[in-house]
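Okay, here's what each chain looks like letter by letter:
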Amino acid sequence: MSYHQVAERLAGAASRAGRDVAGITLVAVSKTKSTAEIMEVYDQGHRDFGENRAQELVEKVPELPDDIRWHFVGSLQSNKARVVRPVAYLLHSMDRISLAGAWMKGIGMPPPVLVQVNVGDEPQKSGVTVAETPEVVGKLVEMGLEVEGLMAIPPVPESPDDSRRHFAALRDLRDRLVAEYPSVRELSMGMTDDFEVAVEEGASIIRVGRAIFGPRN
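Just so it is clear, the model here is predicted, and its values are computed rather than measured. (Residues numbered from 1 in each chain as written. Predicted model: local features only at pLDDT ≥ 70, side-chain atom pairs only at ≥ 80, totals over all residues. Heavy atoms only, no water.)

**Here we look at the layout of surface pockets**
To keep things clear, this is the line we draw: Here a cavity means grid points, on a 1 Å grid over the protein atoms only, where a 1.4 Å probe fits yet cannot get out; a pocket means an open set of points with protein on both sides within 12 Å along at least five of seven lines; lining residues are those with an atom within 4 Å of a point. Grid points are joined across faces, edges and corners, and a volume is the space filled by probe spheres set on the points. Note on conventions: DSSP H or I runs of at least 4 residues are helices, E runs of at least 2 residues are strands, and numbering of each starts at the N terminus. In this classification, Asp, Glu, Lys and Arg are treated as charged, Ala, Val, Leu, Ile, Met, Phe, Trp, Tyr, Cys and Pro as nonpolar, and every other residue, Gly included, as polar.
The volume enclosed by the largest pocket comes to roughly 720 Å³. Considering the residues around the largest pocket, the lining is formed by 29 residues, among which Val29, Lys31, Ile153, Met191 and Arg216 are closest to the centre. For the lining of the largest pocket, the elements supplying multiple residues, two or more each, are β8 (205-208) and α9 (210-213). Broken down by class, the residue content of the lining of the largest pocket amounts to 12 nonpolar, nine polar and eight charged.

Put into structure tokens, the structure is as follows:
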């Protein structure tokens, strides 16, 4: 597949769902990819890129155009927050109060965050439980963080439709939260294997790597 093919499939899924594709952000997840490979996608007009390792992100940023919006999509150690914070456009993986404390440290307001929810209750994955999410969001807001929405990585699907119930659950959780916390609107969900289903279920951000860049280097 390619960037244009992903964009076409994204547009098709939005059309099926009766949605405006302009309201959906495609994050091209460029982990393990070279700056040259990233520039190939950049030169096609794309500006939102995602990384999941702090060191890899900070090494790439100085070598690439400064109008790229960098999304940090992986688990973040609290001691790495200080290097990711200055370059991140959005942190997708806020999953604990201790990380929030580290994210707040620094000059000025930190970049906004999404709360990572472990929708599949998988013990090996990061994220707060569905039941814990309202309390965690409330605490983050009290700390002064800008919480823009929720993120999830469902269990690996055998077929794309296997992810649908998890995406629907995250959307329902967001819908309950937004009444009390109006900023919590974004839904970051859907990757290479299931992003079209995610769009049909309300994703406002999808994170696609392999379908754009090919297998990891």
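So much for the structure itself; the text now carries on.
**Overview of the environment of Ala168**
Using the following cut-off: The buried label applies to any residue whose accessible area, calculated with a 1.4 Å probe on protein chains only, is under 20% of its type's maximum; exposed applies above 50%, and partly exposed to all values in between.
Residue placement: Ala168 occurs in helix α7 (residues 164-178). A relative accessible area of 16% places Ala168 in the buried class. Considered as a pair, Ala168 and Val136 are 32 residues apart in the sequence and their alpha carbons are 20 Å apart.

**Considering the nonpolar core**
Quick reminder of the rule: For our purposes a nonpolar core is just a set of buried Ala, Val, Leu, Ile, Met, Phe, Trp, Tyr and Cys residues, chained together by side-chain atoms within 4.5 Å. When checking whether two residues touch, look at their non-hydrogen atoms; a contact exists if any pair is within 4.5 Å.
One finds Phe49, Leu76, Met94, Trp103, Val115, Leu150 and Ile212 to be the most contacted residues of the largest nonpolar core, which totals 59 residues. Ranked by residue count, the leading element in this core is helix α1 (residues 3-16), at five residues. When neighbours within four sequence positions are excluded, Trp103 is seen to be in contact with Leu76, Ala81, Val84, Arg85, Ala88, Leu91, Met94, Pro110, Pro111, Val113 and Leu145. The next biggest cluster of nonpolar side chains, apart from the first, holds seven residues, and it includes Leu90, Leu114, Met151 and Ile205.

**Concerning the packing of helix α5 (residues 97-104) against helix α6 (residues 133-143)**
We apply this condition: Simply put, an axis is a line fit to the C-alpha atoms, just over the touching stretch for a helix, and the angle between two N-to-C directions goes from 0 to 180 degrees. If an angle is under 35 degrees, it is roughly parallel; if it is over 145, roughly antiparallel; if it lies from 65 to 115, roughly perpendicular; otherwise it is oblique. By convention, the crossing between two helices is left-handed when the near helix turns anticlockwise from the far helix through less than a right angle, and right-handed when the turn is clockwise.
At their nearest, the axes of α5 and α6 sit 11 Å apart, and the two run at 20° to each other. Taken together, the axes of α5 and α6 are roughly parallel relative to one another. Crossing handedness for the pair α5 and α6: right-handed. Counting all contacts with α5, which are made through Ile97, Ala100, Gly101 and Met104, the residues of α6 involved are Val136, Lys139, Leu140 and Met143. Split by residue class, the contact of α5 with α6 holds six nonpolar, one polar and one charged.

Interpretation in functional terms is not warranted from these geometric data alone.
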